[in-house]
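# Analysis of the macromolecular model
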Amino acid sequence: MSVGLAFAGGAWAAGGTADVPASVAEGKDFGCGAKGQKACPMQGWMKTVMQSATTSGDGAKIASALEYVAAKPPPGMPKWVAISKDGAEKAKKGDIDGAKASCKTCHDLYKAEYKAKLRDAAF
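In this text the structure is predicted, and so the values were computed from the model without any measurement.

## Describing the nonpolar core
Membership of the largest hydrophobic core comes to 21 residues, with the highest contact counts inside it found for I62, L66 and W80. Every element with two or more residues in this core is listed here: α2 (41–56), α3 (59–70), α4 (80–92) and α5 (96–118). Take this core: its biggest share by element is 6 residues, from α5. Beyond its immediate sequence surroundings of up to four residues, W80 is in contact with M42, V69, A70, K72, P73, P74, C106, Y110 and Y114.

## Some remarks on the state of the cysteines
In the structure shown here, the tally under the stated rule is 1 disulfide. A sulfur-sulfur separation of 2.1 Å characterises the disulfide bridge that pairs C32 with C40. What sets the handedness of the C32 and C40 disulfide is the S-S torsion sign, and at about 95° it is right-handed. For the pair shown, C32 and C40 are each scored as buried. This cysteine, C103, is not joined by any disulfide, and C106 carries the nearest cysteine sulfur, 7.9 Å off. For C103, a relative accessible area of 17% puts it in the buried group. Its relative accessible area of 10% is what places C106 among the buried residues.

Calculation rules
- Residues numbered from 1 in each chain as written.
- Predicted model: local features only at pLDDT ≥ 70, side-chain atom pairs only at ≥ 80, totals over all residues.
- Heavy atoms only, no water.
- Core = buried A, V, L, I, M, F, W, Y, C linked by side-chain atoms within 4.5 Å.
- Buried < 20%, exposed > 50% of the residue type's maximum accessible area, 1.4 Å probe, protein only.
- Helix = DSSP H or I, 4+ residues; strand = E, 2+ residues; numbered from the N terminus.
- Contact = heavy atoms within 4.5 Å.
- Disulfide = S-S within 2.5 Å.

Here is the structure:
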């Protein structure tokens, strides 16, 4: 049984394959991010910088990391900046759970699409 992917509402979803970019439909090898490969640029940054900041619970570090993310919006992801800035403001006020929730919101909206299209892009 195979499951296709389709772009729907800002995220990839199970379904048809009509709107899938050729690179995804063909199973493009990005050369990073898969088991046994080096981390992709954003993936590596997230694992070192963002994960360290959120694990520490340090609002200033989380805010700084989210401000960095806000300054690097990918094309076609219009809520990226607002979500990141909202999380940074929450982190500055000590609302660590709220800041982490902004991360989840962004991941829910954009992670699959980013991985499918931009995972090898500089970050």
